[in-house]
Amino acid sequence: MQRAIYPGSFDPMTNGHLDLITTAAKVFESVTVAVLNNPEKRCLFSVQERMDLIRQSVRGLSNVDVDSFSGLLADYAALRKTQVIVRGLRSVHDFEAEFPMAHMNRRLKHDLVTVFLPAHVEVIDISSTLVRQIAMHGGDLSGCVPHHIATALAAKFPSETP
Ligand code: COD
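We now turn to the structure provided with this report. Keep in mind that what you see is a predicted model, and the values were worked out from it rather than measured.

Notes on the sheet that holds strand 1 (residues 3-8)
Across the sheet, which stays open at both edges, the five strands sit in the order 3-2-1-4-5 with parallel pairing between neighbours. Two strands in the sheet have a free side with no partner beyond their single neighbour: strand 3 (64-69) and strand 5 (113-118). With strand direction ignored, the average angle separating the axes of adjacent strands in the sheet is 35 degrees. Strand direction decides the pairing type here: strand 1 and strand 2 (residues 30-36), joined by six bridges, are parallel. Along strand 2, the bridge assignment pairs A4 with V31.

The following block contains the structure:
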């Protein structure tokens, strides 16, 4: 069995990400969830916060670990001696964005393979962007993120009512 890296922004992790990690953990020997550290991108949660939130979410999955990386994903995969990248597909739109990245990563490191896992229909509508928007306006996030992440989001957007 192969080891795999599941890279992403995870700002924050959602039940969609968690569903994908759970599936990948069954398919691969081990899965490293790798949080991109990109100082040029403004994120709601720091890299450390995102890693801590993910770690709490994957406690029950013994073959999953959490790390961060900066620079090129292909270089990080080589550093970790890992040949498989896992990515999730929710729609044709995801596929169109993911396909060139997969080919470019393979161009950069010829032994690097991207494996796409389809999102389960129950989480197909969930994205970190929508989750942040709902949190900003105090909306209900049950079913979209684990409870501790809903709490962390609420702390980022304290209610304005006295
Ligand atoms: N159900 C299933 N899968 C989902 C769901 C859901 N509801 N939501 C998201 N996903 C999947 C996404 O499709 C994606 O595969 C993954 O989860 C992570 O998503 P995000 O949004 O957290 O992360 P991205 O897409 O912003 O991550 C992009 C990378 C960090 C992987 C990319 O920018 C990168 O590799 N950067 C490093 C620089 C580099 O190497 N660039 C060249 C690439 S060719």
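Topic: the packing of helix 2 (residues 47-57) against helix 6 (residues 147-156)
In a packed pair of helices, the relevant descriptors are the angle between the two axes and the axis-to-axis distance. Where helix 2 contacts helix 6, the two axes come as close as 10 Å, and the packing angle between them is 155 degrees. As far as their axial angle goes, helix 6 and helix 2 are roughly antiparallel. Where helix 2 approaches helix 6, its residues E49, L53, Q56 and S57 are matched on the opposing element by H148, I149, A152 and K156. Here the contact of helix 2 with helix 6 is built from residues that sort into three nonpolar, three polar and two charged.

Looking at the environment of Q2
Structurally, Q2 is set in the segment before strand 1. Overall, the relative accessible area of 39% leaves Q2 in the partly exposed class. For the pair Q2 and S30, spaced 28 residues apart in the sequence, the C-alpha separation amounts to 7.4 Å. In contact with Q2, other than residues within four places in its own chain, are F28, E29, S30, Q83 and V84.

Digging into helix 1 (residues 15-27)
Side chains three or four residues apart in an α-helix point the same way, a direct result of the helix having 3.6 residues per turn. An ideal rise of 1.5 Å per residue puts 18 Å on 13 residues; helix 1 measures up with 19 Å between its terminal C-alpha atoms. Within helix 1, the full set of buried residues consists of N15, G16, H17, L18, L20, I21, A24 and A25. Between a side-chain oxygen at the N-terminus of helix 1 and the backbone nitrogen of G16 the separation is 3.0 Å; the capping residue is T14.

As for the site of the ligand
If you check the shell around the ligand, you find 23 residues, and the closest are Y6, S9, L73, G88 and V123. Here an oxygen atom of the ligand and a side-chain polar atom of Y6 are 2.6 Å apart. Between the ligand and the protein, one listed contact pairs an oxygen atom with a side-chain N or O atom of R87 at 2.8 Å. Looking at the shell around the ligand, the elements that each hand over two or more residues are strand 1, helix 1, strand 4 (84-89) and helix 4 (92-108). For the shell around the ligand, the element with the highest residue contribution is helix 4, accounting for five residues. Per-class residue counts for the shell around the ligand are twelve nonpolar, seven polar and four charged.

Calculation rules
Residues numbered from 1 in each chain as written. Predicted model: local features only at pLDDT ≥ 70, side-chain atom pairs only at ≥ 80, totals over all residues. Heavy atoms only, no water. Pairing = 2+ DSSP bridges. Helix = DSSP H or I, 4+ residues; strand = E, 2+ residues; numbered from the N terminus. Axes fitted to C-alpha atoms, helices over the stretch in contact; angles between N-to-C directions. Parallel < 35°, antiparallel > 145°, perpendicular 65-115°, else oblique. Contact = heavy atoms within 4.5 Å. Nonpolar A, V, L, I, M, F, W, Y, C, P; charged D, E, K, R; others polar. Buried < 20%, exposed > 50% of the residue type's maximum accessible area, 1.4 Å probe, protein only. Expected span 1.5 Å × (residues − 1). Polar contact = N/O pair within 3.5 Å; in protein donor to acceptor, adjacent residues only side chain to side chain. Near = heavy atom within 4 Å.

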